[in-house]
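Geometric and topological summary
As a plain string of letters, each chain reads:
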Amino acid sequence: MSDASQHHAILSPAFHKDRRNLRALGMWLFLGSEVMFFTAFFGAYIVVRSAGAASVAMPLERMWGALNTVVLITSSLTMALAVQFSKKGDRAKTGRYLALTFLLACCFLVVKAIEYTHHFMEGNFPSHDIFMGFYFLLTGFHGLHVLGGMVAMGILWWRNRRGDFNEHYNDPIEMAGLYWHFVDLVWIFLFPALYLL
Amino acid sequence: MKRFPAWSLFLACMGAPALALAADIQGSSGWIPAAVSDRGRDIDALYMHIMVIVVAIFVITQGLLLYSIIAFRAKPGRKAVFSHGSAHVEIVLALVPALILLYITVASVQLWELVRLKPPVKDPVRVQVLAEQFSWNFRYAGPDAVFGTPDDVIANGEMAVPVDRDVLFYISSKDVIHSFFLPESRVKQDVVPGLLGRVWTKWNVIPVWDLATQKRVLLTLDEYEAAPVAVSGYKLNSEPNPVKTWYQFSDSARINYLRYHYDLDPDGKVVVMQGGKVVQTAPRYVRHYFEIACSQLCGNLHFAMRGTVRVLPPEDYAAWLKAQPHDDFLESKWNGVWDKYHPEYDKAL
Amino acid sequence: MSAETVNAVVDYIHPEPTDFFHKYVWSYDHKIVSKQYLWTSLMFLVLGGSLAMLLRWQIAYPNQPVPVWGHLLKGIFVFDSTGAISSDGYLQLATMHGLIMVFFVIIPLIVGAFGNFLIPLHIGARDVAFPFLNALSYWLYLPAGLFMLASFFMAKGAGEAGWTSYPPLSDVAGAVAPVWGMNFVLIALFLAGFSSILGGLNFLATIIRMRAPGMTWSRLPLTTWAQFITAIFQVLATPMLAAGGAMLFFDRVFHTSFFLPHGLVIGQEAAANTGGGFPLLFQHIFWFYAHPAVYILILPSMGFASDILAAFSRKPVFGYRAMIISMISIMGLGFIVWGHHMFVSGLNPIMGMAFMVSTVFIALPSGVKVFNWMGTLWGGAIRLEPPMLYAISFVSMFIVGGLSGIFMAASPVDIYIHDTYYIIAHFHYIVFGATLFAVFAAATYWFPKMFGRQMNAKLSYLHWGLSFLFFNLAFFPMHFLGEAGHMRRLMTSTGYEFLNPMAPWNEFITLSAFALGLSQILFAYNFIYSVFFGPKAEANPWEAATLEWTIPVPVPHYNFKVIPTVYRGPHEYSSPEAAPADWIAQNVPPIRGKAAH
């Protein structure tokens, strides 16, 4: 047993419930700030689009976007399952679903990389026009958030393997789950805003 | 209010508005340059109304603060009053400022509407202003009243307007954000590239430089026509120059005269002396100008981005317009920037 | 929180560190993190203040070589080859002075240093909610500060477009503008913003969830309430700055055109960006953050002042509930007034009208607070110790700053005084006269608890007197300059005839500013000397009633041996319950069955 779970054993379930609620509050507050962050970008995008300045002169390849949407929603599902199994104390399944989420996120980034390469090859850099500017801005920061989530998941997978988590203590996995759902949610707004409308 | 002797309370309540009123009667706070337009005077009036209120509040609050420190300081045997506050006092102290603020809001909204939402409709002079790092360019529509035609009058740095007539400025920038600031007219608006701004004012005085008192004087058109004829000082310093006429010189009259000593002779004319000898006599007033300042940081020469506005009698203004030389370089700025930015403003409005 | 053994809980949160690295460098203890913030921001204060001194020299003595520094640094930094300030250098000074003071001095000082130290102690907790994030917040702030410093050393110097960094000026990374200097500034702001957001959410979670039993919302010290509202601003507004800064960074580095319209011609050449953007968009995004930011700059100091005024008047704060409602109103209104920075920006005048109404009314809660502070003094038994003197002058100068704000809220008047020295006078009265004096008050008040020693009272009084005098001499005349129409960020006003009469005032202000700067040496000496050699202090030298004064000094690692139970409000001074003493602490059980407040 690791240090963390040793300490956990001494303290009461009520204490741990308190701490879990505390961590959840912290994560929700963080997500609140992230919402404001992306709202600024979306707000600017909406203003610029409604002024007619950023017409989609060259439509993005919807296929890739749709694929990424499916990948990300599936990864949200696997993440939720990982959280579920960690609540039940099933180490093996938790590890499996965490790894799956990680792989799907990898997939997302690979697809994004393919898209970016296509754009660059056709000379559609961020400077090409204001739509491409917003496209790279929004997907770029979203991608950074996906990457951050992947790092978190990697750490969690390793900690799970080490035996840090059990049915009483799985807070980091739950928090990461909240974060991951948020990342997915941002994409669900991004995809129509950039690819469909 | 037991601790407060009645007389001091009375003094505070009467003294504060009294002081404020005194400041108001002074007319201005001393540093504001005189307003030269009707809207400018309205803005000054609002400023002074707010000043009266602010000074009164300032005197009362700072006075009470000072009084508190002295009257309520800790003394052996003295105990503080144990009170968590009073809802009544709280409500009064919230309502009174609220009413004052309401008054200020209403006055401001009414004036704002007048200043920003009611452009002149009766035959204004229309000028396009294109700001750049670090100078001001002006374009007038010329006799055909259409912008973008070869008869347009283009100037850089100095512009002229007729007195007692509305002037409507269309402002835009070529590179970064500047700000078109006419201090005495109380006109200020940021000049944003890609955005067409619109400001307007009306000068009802002509600025002249009084050689005797070395101060700028503002004359109405009638006063100007009755006064000793004003000319540019430049002519008096150099040999008479028949080719250039006076309204094409834009130097400050004051600087030209700094080397001279002058007196008023019996005819009310200023005698220019140098080394004890009369050199020239001149009219008392020299035509002067108002300044245009850039009021938004626009780069390292922001402090040097100055322009001037000459307010002229109508005939002189017409003569000025006629005399402006054609300048291909200046015109290219308009073709290259303004006409591209705001194509709809090429036509008469 | 449920009752557990002290050791178990503390070990779970963070065991007492044993080595130097975990004690002083990467520390989870909020008291150490607060001191890290304190020392770093005080150093930035010295830097920011020095930049201002150079600035003032140039304005008063245009193009004269700066004594000593100009000679030493000829041709480098902000100096030209004669040792005078160059035109680019002047703008760098103005820009960096503003940025450093706002982001690297005031916010870290009042939130990072005092907020960190006081919040857990005020609510009866052992630490903040997320000690790891706390340590991380500091270690994001310090590298951000280093990026700011590094920007001075880049080829064209640091940022030059004013602290507001409006594009297109701040966007134009070309022959006339700093390239990597400005980019470093943007990176620094991004990191500092991240630090601020993490700190804010930490404090929110702490205050919401970790209050001791009996510590209800209406028994919190006003310092804590102020930190709470400030943290809400930090979490919700700062991301906007990050977003705007990111878009500006993209414009500069990736040549996008979020803020650049078509057809820009800089000098003779067309701009490299393709256009299609809107300069005003940046202003909206920026001011949506920067207006709440100014409330971040003032609210914590209002909190300090409230608690200190109560403690030294020996009576409760007048209208505690009203104080809270005011702070909540400021929070609500604070998000809908940003357009008042844009009255003359070319913004739609109808929107200008809407912003004017909300702006005039945000004066109301601040006014209520001022009356409540005065009500706190009224009828008290005032002990004029140094913290009290600073706190009273906070109220006095906040009144001046607040009243001057009303002129600018009236938008027709703002047309004339926008971007003049009037606004410089207004915000310096608030940020220096009010906030920084409240910082001096907080520093002298909580010094015994933070360092276990006392500051020298005589030096504090002297420092107060000189600072108060020279501050008013330096900044009040700026109202006159503003009335004359003297614009901001002018390297010299000698080019304009209408400003020539004001030149003597510029010199007067500069000399007063120099005297003000020199007076701060008294505080620095007093502070630093007392940390190491000051006389040892007792646990509660001020006879104050809030929780932090109930624990010994130096404060133990775990703060409270037993989590206290709170029975009354934070300012029960001179209450009948306390008799014959004139104070009773929050955690003392009710005496003789008297009803607790």
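Residues numbered from 1 in each chain as written. Chains lettered and ligands numbered in written order. Predicted model: local features only at pLDDT ≥ 70, side-chain atom pairs only at ≥ 80, totals over all residues.

1. Things to note about the sheet that holds strand β10 (residues 215-219) of chain B
Residues and elements named next belong to chain B. Strand order in the open sheet formed by 3 strands is β10-β9-β14, and the pairing between neighbours is antiparallel. The sheet is open, and its two edges are formed by β10 and β14 (285-287), each paired on a single side. Each strand axis lies, on average, 40 degrees off the axis of its neighbour in the sheet, ignoring direction. Two strands pair when backbone bridges link them, and strand β9 (residues 206-210) and β14 are joined in this way by 3 bridges, in the antiparallel orientation. Within β14, the residue paired with Val 208 across the bridge is Arg 287. (Pairing = 2+ DSSP bridges. Helix = DSSP H or I, 4+ residues; strand = E, 2+ residues; numbered from the N terminus. Axes fitted to C-alpha atoms, helices over the stretch in contact; angles between N-to-C directions.)

2. Considering the interface of chain B and chain C
On the chain C side, the residues contacting the 76 residues of chain B number 85 residues. Examining the composition of the side of chain B that touches chain C, we find that 14 residues originate from one element, helix α3 (residues 87-116) of chain B, more than from any other. Partitioned by chemical class, the residues of the side of chain B that touches chain C number 43 nonpolar, 20 polar and 13 charged. (Contact = placed C-beta atoms within 7 Å. Nonpolar A, V, L, I, M, F, W, Y, C, P; charged D, E, K, R; others polar.)

3. Looking at the interface of chain A and chain C
At the interface, 30 residues of chain A touch 34 residues of chain C. Of all the elements in the fold, those that place two or more residues in the side of chain A that touches chain C are α1 (3-10), α2 (13-50) and α5 (130-162) of chain A. Considered class by class, the residues forming the side of chain A that touches chain C number 19 nonpolar, 9 polar and 2 charged.

4. Overview of the environment of Ser 81 of chain C
Residue and element names in this part refer to chain C. Residue position: Ser 81 is located in the loop between α4 (69-72) and α5 (87-123). Between the C-alpha atoms of Ser 81 and Pro 65, which are 16 residues apart in sequence, the distance is 9.3 Å. Beyond its immediate chain neighbours, meaning those up to four positions away, Ser 81 contacts Lys 74 and Gly 75.

5. Regarding helix α3 (residues 62-88) of chain A
All names here are of chain A. A rise of 1.5 Å per residue sets the reference length of α3, with its 27 residues, at 39 Å; its end C-alpha atoms lie 39 Å apart and thus fit the reference within 8%. Where α3 is concerned, the buried positions are Gly 65, Asn 68, Val 71, Leu 72, Ser 75, Ser 76, Thr 78, Met 79, Ala 82, Val 83, Phe 85 and Ser 86. The positive-phi residue at the C-terminal boundary of α3 is Gly 89, with phi of around 85 degrees. (Expected span 1.5 Å × (residues − 1). Buried ≥ 20, exposed ≤ 12 C-beta atoms within 10 Å, placed from the backbone.)

6. A closer look at unusual backbone geometry
A cis amide bond, omega 5 degrees, links Gln 133 of chain B with the succeeding residue Phe 134 of chain B. Of note, Phe 134 of chain B is situated in the loop between β1 (125-132) and β2 (135-140). Although it is not a glycine, Asp 123 of chain B adopts a positive phi angle of roughly 45 degrees. Looking at where Asp 123 of chain B falls in the secondary structure, it is placed in the loop between α3 and β1. C-beta crowding within 10 Å serves as the criterion here: with 8 such atoms nearby, Asp 123 of chain B is assigned to the exposed category. One non-glycine residue, Phe 77 of chain C, adopts positive backbone phi at about 60 degrees. Along the chain, Phe 77 of chain C turns up in the loop between α4 and α5. The partly exposed category is assigned to Phe 77 of chain C, around which 19 C-beta atoms lie within 10 Å.

7. Section: the confidence of the model for chain B
Mean pLDDT over chain B stands at 79; residues scoring 70 or higher make up 74%. Note that pLDDT drops below 50 for residues 232-261 of chain B; the model gives that stretch 42 contacts with residues more than four away or on any other chain. (pLDDT = per-residue confidence, 0-100.)

8. Quick look at the pairing of β2 of chain B
Remark: a regular strand shows side chains that alternate across the two faces of the sheet. Residues and elements named next belong to chain B. Most of β2 sits out of view: 5 of its 6 residues are buried. Where β1 lies against β2, 6 bridges are found, and the strand directions are antiparallel. The residue bridging Leu 130 from the neighbouring strand is Asn 137, located in β2. Where β1 folds back onto β2 in an antiparallel hairpin, the turn is made up of 2 residues. Both β2 and strand β3 (residues 153-156) contribute to a ladder of 4 bridges, which runs antiparallel. Residue pairing for β3: Phe 138 is matched across the bridge by Ala 155.

9. Some words on the sheet that holds strand β4 (residues 158-162) of chain B
Residue and element names in this part refer to chain B. With mixed pairing, 5 strands are arranged side by side in an open sheet as β4-β16-β15-β6-β7. Only two strands of the sheet have a single partner each, and these edge strands are β4 and β7 (187-191). In this sheet, neighbouring strand axes are inclined to one another by 25 degrees on average, regardless of whether the strands run parallel or antiparallel. Of the strand pairs in this sheet, strand β15 (residues 290-294) and strand β16 (residues 306-312) are connected by 4 bridges, and their pairing is antiparallel. Within β16, the residue paired with Phe 290 across the bridge is Val 309. Packed on one face of the sheet, helix α7 (residues 314-323) meets β4 and β16 and runs near 140 degrees to β4.

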